Amino acid sequence: MPEKLAICLLAAEVAPLSKTGGLADVAGALTGYLHGAGHEVRLFSPAYDFIDRRACAAEPVAGLAQIPLTLGSHSYEFSVLRASLPQGATAYLIDCPELYARGPIYTSDPDEHRRFLALTRAALSVCLRLRFAPQIIHCNDWHTSFAPLYLRTVYAREPLFARARSVLTIHNIGYQGIFPAALVSDLGLSAQARRLLYQPELTAGRINALRHGILYADTITTVSPTHAREICTDEYGMGLQDSLRTRAAQGALAGILNGVDYQEWDPRRDRYVPLHFDADSLAVKQQLKRELLARRRLGSAAEVPLAGMVSRLAGQKGIELMFDSLPRVLERRALSLVVLGSGDPRYEQFFDDLEQRFAGRVSYQRGYHEELAHWIEAASDMFLMPSRYEPCGLNQMYSLRYGTVPIVRRTGGLADSVEHYDPASGRGTGVVFNDFDPPAFEWALNTALDLYALPAEWTRMVRNGMQCDFSWQHQGAEYVELYRRLTG
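In short, a report on the structure. As the structure is a prediction and not an experimental result, all values here were calculated from the model. (Residues numbered from 1 in each chain as written. Predicted model: local features only at pLDDT ≥ 70, side-chain atom pairs only at ≥ 80, totals over all residues. Heavy atoms only, no water.)

### As for the overall build of the protein
Check the secondary structure of the protein and you find 17 helices and 18 strands. If you line up the protein on its principal axes, its C-alpha atoms span 70 × 45 × 45 Å. Counting over 488 residues, the protein shows a buried share of 59%. If you take every contact in the protein between residues at least 6 apart in sequence, the share linking residues at least 24 apart comes to 73%. If the 50 positive side-chain charges of the protein are averaged to one point and the 54 negative ones to another, these points end up 4 Å apart. (Helix = DSSP H or I, 4+ residues; strand = E, 2+ residues; numbered from the N terminus. Buried < 20%, exposed > 50% of the residue type's maximum accessible area, 1.4 Å probe, protein only. Contact = heavy atoms within 4.5 Å. Lys, Arg positive; Asp, Glu negative; His and termini not counted. Charge placed at Lys NZ, Arg CZ, Asp CG, Glu CD.)

This is the structure we're talking about:
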């Protein structure tokens, strides 16, 4: 039998306890997979004040109450709660109301960096107190990126961590945890250890948390193979490309595509829709489409293709590609559209105006609504994701399982999970375009509509997509393989 691994995971958010995005999904799902595979895994995350402690059966851990923690001139106390995650896994929540009783997960407060330095230091301190010797310390995003440096400095002589190897996963390189160099004492490093800080930025008056994870982690991963290559370029590296190129040349950068929770996202069992279907019962999908059209007060016939979109409305998502091209397609072709999302006011205004201009054909709901998101995936014929960049993306993978053809740009995880359909061979699962410009998006949308007009081709493409498997059973195994390479 393969050796079972001891793994310490650190994440600023974990589904279903706390969530703003994909980091939480990965932290929760990967922990569940590792636990189910028999590994000894301990996940550390903050005990935010909004977490329903009764629902997750959170209980104090004996002997781990009112533990002192010092960051520079700042002193805190924290306790530890043990909480239940799905699939029987456990989370250890760092309970420090002074830092985590603030409502939202993330803030713009001047001590934001200390909130997550505290998480990192507390997690390592608890491992010592529990005599838990992790072989892998897996940190995520900027929030816990100083863990690899701490292992080389503050905890360098600690026998319990002698075998530990560090992994940093970058979920969104756009967020880097930058704070003033004047606050360097908050790191708790000796004068000698401070020499390991990235000196060009320190001289420029700032400290970049994510860069230090990149510099000192034994291995860096990001959430798709294509994005791992992209972030080494000037276009996508967000100022960190020099460090990333160095680590890639050392063989220390890899991409592992995120997995999908098919317990939540599967048309055969979706708890949010009343009818269920698979690749052999696509007529049921048409029934759901008719009901969604009625719910959203869209007068289009069920035979008219329905495009869906569920997204943060941000510059990353390529909304500006639609400004001219989408109205032009709606004017010239039979098409209905349902959009769910919020964000940049100019993008919200665009969809408000589109709904008014094409009344009865376009429906826009501001915000996020879990049930409607599932309805859009289940009932739409096609799904729009024209992203400027997309580290992984999940909705395109949900769409494939629901027989909803994704229309995506060839970037990041979209490139790794959607194959452009080729009528000559019958291979492919969606429509993929390359250039980030309106004509390319318009070409992709028209190509999808042309294929929709060919029922045999469309059905073949839909069924191809529904056969794809992006479950954590596949993706989680890649992390375990990575861990085993690191531990020898």
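Now that the structure has been shown, the text picks up again.
### Description of the side chain of T153
The topology assignment puts T153 in the loop between α4 (147–152) and β8 (165–170). Separated by 2.8 Å, the side chain of T153 and the backbone oxygen of L149 make a polar contact. T153 has contacts with L189, A193 and L196, leaving out every residue within four places of it along the chain. (Polar contact = N/O pair within 3.5 Å; in protein donor to acceptor, adjacent residues only side chain to side chain.)

### Here's the deal with the pairing of strand β15 (residues 362–366)
Bridging between strand β14 (residues 336–343) and β15 involves five bridges; their strand directions are parallel. Counterpart to V338 in the pairing with β15 is S363. For the crossover that starts at β14, traverses helix α11 (residues 345–357) and ends in the parallel β15, the hand is right-handed. (Pairing = 2+ DSSP bridges. Right-handed = clockwise from strand over helix to strand, strands pointing away.)

### Points about the sheet that holds strand β13 (residues 306–313)
The strand order β15-β14-β13-β16-β17-β18 describes an open sheet built from six strands, whose pairing is parallel. The open sheet has two free edges, formed respectively by β15 and β18 (431–433), since each of these has just one partner strand. Taking the axes of each pair of neighbouring strands and ignoring which way they run, one obtains an average angle of 15 degrees across the sheet. Bridging between β13 and β14 involves eight bridges; their strand directions are parallel. In the strand pairing of β14, A307 is matched with L337. (Axes fitted to C-alpha atoms, helices over the stretch in contact; angles between N-to-C directions.)

### As for the packing of helix α10 (residues 322–332) against helix α15 (residues 438–452)
Two elements in contact, α10 and α15, have axes whose closest approach is 8 Å; the angle formed by their N-to-C orientations is 30 degrees. As judged from the angle between their axes, α10 and α15 are roughly parallel. The way α10 lies across α15 gives a crossing that is right-handed. Side by side, α10 and α15 meet where M322, S325, L326, R328, V329 and R332 of the first sit next to P438, F441, E442, L445, N446 and L449 of the second. Here the residues of the contact of α10 with α15 sort into seven nonpolar, two polar and three charged. (Parallel < 35°, antiparallel > 145°, perpendicular 65-115°, else oblique. Left-handed = near helix turned anticlockwise from the far one by under 90°. Nonpolar A, V, L, I, M, F, W, Y, C, P; charged D, E, K, R; others polar.)

### Quick look at the layout of surface pockets
Unfilled space is identified by rolling a water-sized probe across the atoms. Roughly 260 Å³ of volume is contained in the second largest pocket. Counting residues per element, the ones that place at least two in the lining of the second largest pocket are α9 (282–295) and α16 (455–466). Split by residue class, the lining of the second largest pocket holds six nonpolar, three polar and two charged. (1 Å grid on protein atoms, 1.4 Å probe; cavity = no way out; pocket = protein on both sides within 12 Å on 5 of 7 lines; lining within 4 Å. Points joined across faces, edges and corners; volume = space filled by probe spheres on them.)

### Considerations on the pattern of salt bridges
Enumeration over the complete set of coordinates arrives at 28 salt bridges. Two residues, R53 and D95, come together in a salt bridge whose shortest N-O distance is 3.3 Å. Pair noted here: R53 is in the loop between β2 (40–46) and β3 (59–60) and D95 is in strand β6 (residues 90–95), with a separation of 42 residues, a long-range link. What makes D95 buried here is its relative accessible area of 16%. Across the pair E201 and R211 runs a salt bridge whose closest N-O atoms are separated by 3.0 Å. Of the two residues, E201 is situated in helix α5 (residues 199–203) and R211 in helix α6 (residues 209–216); the sequence distance between them amounts to 10 residues. One network of salt bridges, in which partners are shared, links D266, R268, R269 and R401. (Salt bridge = Lys/Arg side-chain N within 4 Å of Asp/Glu carboxyl O.)

### Structural notes on α15
Across its 15 residues, α15 extends 21 Å between first and last C-alpha, which sits within 8% of the 21 Å expected from 1.5 Å per residue. Among the residues making up α15, those that are buried are A440, F441, E442, A444, L445, T447, A448, L449, L451 and Y452. Next to the buried residues of α15 lie α9, α10, β16 (382–385), β17 (405–409), β18 and α16. Taking the backbone nitrogen of A440 as reference, a side-chain oxygen 2.9 Å away marks D437 as the first, capping residue of α15. (Expected span 1.5 Å × (residues − 1).)

### As for the packing of aromatic side chains
Within this structure, the stated rule accounts for 17 aromatic pairs. For the ring pair F351 and Y364, a centre distance of 5.6 Å and an interplane angle of 35 degrees mean the geometry is tilted. Placement of the pair is F351 in helix α11 and Y364 in strand β15, with a sequence separation of 13 residues. Here Y364 falls in the buried class, since its relative accessible area comes to 7%. In this structure an aromatic cluster arises from ring pairing among F323, Y347, F350, F351 and Y364. The aromatic ring of Y150 is capped on one face by R121, whose charged end is 5.0 Å from the ring centroid. A cation sits over an aromatic face here: R211 above Y198, 4.3 Å from the ring centre. (Phe/Tyr/Trp six-rings, centres within 6.5 Å; stacked < 30°, edge-to-face > 60°. Lys NZ or Arg CZ within 6 Å of the ring centre and 35° of its normal.)

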